[in-house]
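# Chains, contacts and geometry: an overview
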Amino acid sequence: MLGRGFEKNMRLAIMIALASVVVIAPLVGVYAFSPLIFVWGIQPYPLAVALSVMLAEACGIAALMLLVTRRKR
């Protein structure tokens, strides 16, 4: 019942946004950003991982917003 009210394109956009924020961004944050943030001086490693995942999610959302606004023009 959740997807019945949306168009096919809107459902695809929602799935892409969820996949990028829930799956791709945490993977990028954990494996790419967290070692860099830990080396920069954020000392408990779990804190560095949490901050890097939040950074990756913010970057992912910003990239999606730029792609959407650029596509509408």
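Here, every reference points to the structure presented above.
Attention here is on the structure that accompanies the text. From a predicted model like this one, the values you see are computed outputs, not experimental measurements.

### Some points on the overall build of the protein chain
Regarding its fold elements, the protein chain presents two helices and zero strands. Buried positions account for 14% of the 73 residues belonging to the protein chain. Of the contacts made within the protein chain by residues no fewer than 6 positions apart, 32% connect residues no fewer than 24 positions apart. When the accessible surface of the protein chain is totalled, it reaches about 6,000 Å², and 74% of it is carbon and sulfur.

### Details of the side chain of Ser34
Mapping Ser34 onto the fold places it in helix 1 (residues 8-40). By relative accessible area, Ser34 is classed as buried at 0%. Beyond its immediate stretch of four places on either side in the chain, Ser34 contacts Gly29, Tyr45, Ala48, Val49 and Ser52.

How each quantity is defined
- Residues numbered from 1 in each chain as written.
- Predicted model: local features only at pLDDT ≥ 70, side-chain atom pairs only at ≥ 80, totals over all residues.
- Heavy atoms only, no water.
- Helix = DSSP H or I, 4+ residues; strand = E, 2+ residues; numbered from the N terminus.
- Buried < 20%, exposed > 50% of the residue type's maximum accessible area, 1.4 Å probe, protein only.
- Contact = heavy atoms within 4.5 Å.
- Areas by Shrake-Rupley, 256 points an atom, 1.4 Å probe, with all protein chains shown as cover.

Note that every value here comes from positions in space, so none of it alone points to a role or purpose.
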